Amino acid sequence: MNKIKNIQRDYNIQEIKKNMSILDVANEFGLKLKRSGKSYFTLCPMHVEQTASCSLVPNSDSTKDYFYCFGCEAGGDQINLFASLSPMSNREAINYLANRYGLSQEQPLPEPIVREYARNKRDRSVERNFLINYKQVFYDLCTIRDSVNNLIKQYEFIELLVDDELVIKYYQDKEHYEEILERLQEGLFEKINFNKQIEVFIEAKGVLTKWKKLLQKR
Ligand SMILES: [Zn+2]
């Protein structure tokens, strides 16, 4: 019986996501959005802040939408966001939304009330965290570059290099990799500005994740 219930729940989750994108949730709760490339930024509903550091990422298939806050590291899908903004648990939100979209026979819950959050309180922690994370990404990328370069030096014969998948990937990516490092470095020379540097930071984070994975496989 429980198994059937779980299958029903998973089915509902996918169907809810098809009916309600992450931008629908933002709209419903009146979140102010600022577009940045493929994502949107908003003041995080999960913690008090002055600079929008919560990113909402919609996809053409809304079953893959997600959000992530660079300030408090909260994240999840649109149902989790819906639950965070209403006084419901995730489970209650699924029940409520399944009802709203005519997917469930279970008794519906009352309309959600938007959780009040203090927008105006001062909080510099996001900027502070951002600077720390920014420096860390730069440092990690430099470390990876140095270790790959050391690896290349270890090869006595140039012919052996071409057999190394990692080295080949590095040469393929070298230009982009160096460009990211340069842009990060430029940011370090100025005063770190969240709105100005967030894009290069996100891009650098992506490169770092990819390279960490490549090195892990080794
Ligand atoms: Zn947050």
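Bear in mind that the values here come from a model prediction, so they are computed numbers and not experimental data.

Student: Describe the pattern of salt bridges, naming the residues involved and giving the relevant values.
Tutor: This structure, assessed with the given rule, holds ten salt bridges. Across the pair Asp-61 and Lys-64 runs a salt bridge, and its minimum N-O distance is 3.2 Å. Accessibility expressed as a relative area gives 33% for Asp-61, which makes it partly exposed. Overall, Lys-64 belongs to the exposed group, its relative accessible area being 53%. A salt bridge links Lys-210 to Asp-173, with the nearest nitrogen and oxygen atoms 2.5 Å apart. One end of the pair, Lys-210, is in helix H8 (residues 194–217); the other, Asp-173, is in helix H7 (residues 165–189), and 37 residues separate them in sequence. Judged by relative accessible area, which is 37%, Lys-210 ranks as partly exposed. Judged by its relative accessible area of 19%, Asp-173 falls in the buried class.

Student: How would you sum up the pairing of strand S4 (residues 66–69)? Please name residues and give values.
Tutor: Only one face of S4 is buried: it carries Phe-67 and Cys-69, and the other face, with Tyr-66 and Tyr-68, is open. The sheet contact formed by strand S3 (residues 54–57) and S4 spans four bridges and is antiparallel. Residue pairing for S4: Leu-56 is matched across the bridge by Phe-67. Pairing between S4 and strand S5 (residues 75–76): two bridges, direction antiparallel. Bridge pairing in S5 links Phe-67 to Gly-76. The loop that links S4 with its antiparallel partner S5 comprises five residues; one of these, Glu-73, has a positive phi angle of about 65°.

Cut-off values and rules
Residues numbered from 1 in each chain as written. Predicted model: local features only at pLDDT ≥ 70, side-chain atom pairs only at ≥ 80, totals over all residues. Heavy atoms only, no water. Salt bridge = Lys/Arg side-chain N within 4 Å of Asp/Glu carboxyl O. Buried < 20%, exposed > 50% of the residue type's maximum accessible area, 1.4 Å probe, protein only. Helix = DSSP H or I, 4+ residues; strand = E, 2+ residues; numbered from the N terminus. Pairing = 2+ DSSP bridges.

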